[in-house]
Amino acid sequence: MLLRVGARDYNQAFFESVYPVPGGMIDIHCHILPAIDDGSPDLDTSLAMAAMAAADGIEIIIATPHVGMTGRAAWSRICEEVKRLNNALQEERIELRVLAGAEVQSHVAVTKAGQFCLASGSFFLLEFPSTHLPVDSLEIVHTAVRQRITPIIAHPERNAAIIQEPGKLLPLINAGAKIQITAASLTGDLGPDVAACAGFLVRNSMVHFLGTDSHSPGFREPILSKAVKKASRYMGRKKALALVRDNPLAILPRNLPRN
Ligand SMILES: [Fe+2]
C-alpha cells in the first residue's frame, strides 16, 4: 500500500539533490541516539550502528528514542543529540543523515504527540504495550487524526493480541493509522509467531513501513535489506521498496532541516 501525500514529488527532488545516490533506504524507527533511552549507550555504538546502516544502503535514519516509561527526553534534547550525531558522522565520513523523531508510548497523552512528530512533520510513531491493545487504542487514533497528526503504529506484529487476531488492526487502519513492522520480525529473527504475523500483514497490504527498531549493532541490527528481500517475495520488489523509500519520503516535511 503506497501512501499518497502531496509533498512526495517535491521531497523526491529535494532528497535526490541532497543525496546523490538514488535508491537509498530510510529507516523511520531506530534507537541510534547515544545515552538517551535503552538504545545505543554511547557515541561509539551509535557510529558503529550508522556504519552498518550505511553499508546496507540506508541513507537516512529517523532517530526515535522512547517517550514514556522507558525514556523522557524533551524534543529539544532529541534535536540537540541529532545535531551532535550528524556532526560526528560528518567527521567520520559516514554517509548517513539522522533526523529527529521519537517513539511515543500510548499512555502518553495523545495531545502531546504533536511535539514528537518524525522529522517535525505530521506523522508520529505510536507504541502500544506488547501484551495487549489498550481499550482506548481506537480513540487515540481518532484523537490524533482530529489534531491532523497521523499515528504510525510501531511493530504491531510483536503485540500478543495482534498475533492472535491480526484483523484487530483493521479498525485502526480504517481510522487513519499507518503501520510499521520490524525488519527482524519479517526475517524470522524474532520467532515464528511474530514472523507469521508480519508475513500476514505484508501479504494483506496492511503495512506501510519497514523499520529496524535497532538498539545496537547486535540488538536488532540496523539492517533493512534482508527484510526488503523477504517482503519482495510477498508483494513484489516495487511495493517492498516503497516500505523503505517512497513511503518514508512521503512523510518527510517540505522544509526538512539540513543540520
Ligand atoms: Fe523502538
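Residues numbered from 1 in each chain as written. Predicted model: local features only at pLDDT ≥ 70, side-chain atom pairs only at ≥ 80, totals over all residues. Heavy atoms only, no water.

**Considerations on the coordination of the iron ion**
All of the protein donors around the iron ion are His-29 (NE2), His-31 (NE2), Glu-103 (OE) and Asp-213 (OD); their distances to the metal are 2.1 to 2.2 Å. In primary-sequence terms, the residues that donate to the iron ion follow H-x1-H-x71-E-x109-D. Here Asp-213 lies in the loop between strand 10 (209-211) and helix 9 (225-235) and His-31 lies in the loop between strand 1 (25-30) and helix 2 (43-56), a separation of 182 residues in the sequence. (Donors = N, O, S within 2.8 Å, 3.2 Å for Na, K, Ca; no water. Helix = DSSP H or I, 4+ residues; strand = E, 2+ residues; numbered from the N terminus.)

**Observations regarding unusual backbone geometry**
At Ser-120, a position not held by glycine, the phi torsion is positive, near 60°. With a phi angle near 35°, His-155 is a residue other than glycine that sits in the positive phi range. Mapping His-155 onto the fold places it in the loop between strand 8 (150-154) and helix 5 (160-164). Accessibility expressed as a relative area gives 8% for His-155, which makes it buried. (Buried < 20%, exposed > 50% of the residue type's maximum accessible area, 1.4 Å probe, protein only.)

**Quick notes on the nonpolar core**
The tendency in soluble globular proteins is for nonpolar side chains to be buried as a group. Membership of the largest hydrophobic core comes to 65 residues, with the highest contact counts inside it found for Ile-32, Ile-78, Leu-96, Phe-124, Leu-169, Ile-181 and Leu-210. The element best represented in this core is helix 3 (residues 75-91), accounting for 6 residues. For Leu-96, the contacting residues outside a window of four places in its chain are Ala-50, Ala-53, Ala-54, Ile-58, Glu-59, Ile-60, Ile-61, Asn-86 and Leu-89. In this structure, Ile-62, Leu-118, Leu-249 and Leu-252 belong to the second largest nonpolar core, which totals 15 residues. (Core = buried A, V, L, I, M, F, W, Y, C linked by side-chain atoms within 4.5 Å. Contact = heavy atoms within 4.5 Å.)

**Observations concerning the confidence of the model for the protein chain**
Model confidence for the protein chain is summarised by a mean pLDDT of 89, while 88% of its residues fall at 70 or above. Of all secondary-structure elements in the protein chain, the lowest mean pLDDT belongs to helix 1 (residues 8-18), at 46, while strand 9 (residues 178-182) reaches the highest, 98. Confidence drops under pLDDT 50 across residues 1-11; counting only partners more than four residues distant or on other chains, this segment forms 24 contacts. Confidence over residues 17-22 falls short of pLDDT 50; this stretch has 8 contacts with residues more than four positions distant or in other chains. (pLDDT = per-residue confidence, 0-100.)

**Focus on the packing of aromatic side chains**
Summed over all chains, the structure comprises 1 aromatic pair. A centroid spacing of 6.1 Å and a plane angle of 85° characterise the contact between Trp-75 and Phe-116, whose relative ring orientation is edge-to-face. Here Trp-75, found in helix 3, pairs with Phe-116, found in the loop between strand 6 (103-105) and strand 7 (123-127); they are 41 residues apart in sequence, far enough to count as distant. Owing to a relative accessible area of 18%, Trp-75 belongs among the buried residues under this scheme. A relative accessible area of 6% means that Phe-116 is categorised as buried. (Phe/Tyr/Trp six-rings, centres within 6.5 Å; stacked < 30°, edge-to-face > 60°.)

**Focus on helix 2**
For helix 2, which comprises 14 residues, the first-to-last C-alpha distance of 20 Å matches the rise-based estimate of 20 Å (1.5 Å per residue) to within 8%. Of the residues making up helix 2, those classed as buried are Thr-45, Ser-46, Leu-47, Met-49, Ala-50, Ala-53 and Asp-56. In the core, the buried residues of helix 2 are packed alongside strand 1, strand 2 (58-63), helix 3 and helix 9. Two residues or fewer after helix 2 comes Gly-57, characterised by a positive phi angle close to 100°. (Expected span 1.5 Å × (residues − 1).)

**Describing the environment of Phe-116**
Put simply, Phe-116 and Val-104 are 12 residues apart on the chain and 7.5 Å apart in space, counted from C-alpha to C-alpha. Excluding residues within four positions of it along the chain, Phe-116 makes contact with Val-67, Ala-73, Ala-74, Trp-75, Ile-78, Ala-102, Val-104 and Phe-124.

**Re the environment of Glu-80**
Turning to its location among the elements, Glu-80 is positioned in helix 3. For Glu-80, a relative accessible area of 45% corresponds to the partly exposed category. Spatially, the C-alpha atoms of Glu-80 and Ala-100 are 9.1 Å apart, while their sequence positions differ by 20 residues.

**A word on the packing of helix 2 against helix 3**
Contact pair helix 2 / helix 3: the axes reach a minimum separation of 11 Å and the direction vectors enclose 65°. The way helix 2 lies across helix 3 gives a crossing that is right-handed. Note on element contacts: helix 3 touches helix 2 through Leu-85, Ala-88 and Leu-89, opposite Leu-43, Ser-46, Leu-47 and Ala-50. Tallied by class, residues from the contact of helix 2 with helix 3 come to 6 nonpolar, 1 polar and no charged. (Axes fitted to C-alpha atoms, helices over the stretch in contact; angles between N-to-C directions. Left-handed = near helix turned anticlockwise from the far one by under 90°. Nonpolar A, V, L, I, M, F, W, Y, C, P; charged D, E, K, R; others polar.)

**Considerations on the side chain of Thr-212**
Counting through the fold element by element, Thr-212 comes out in the loop between strand 10 and helix 9. For Thr-212, the side chain forms a polar contact with the main-chain oxygen of His-29, separated by 3.3 Å. Other than its neighbours up to four places away in sequence, Thr-212 contacts Asp-27, His-29, Cys-30, Thr-182, Ala-183, Arg-220, Glu-221, Pro-222, Ile-223 and Leu-224. (Polar contact = N/O pair within 3.5 Å; in protein donor to acceptor, adjacent residues only side chain to side chain.)

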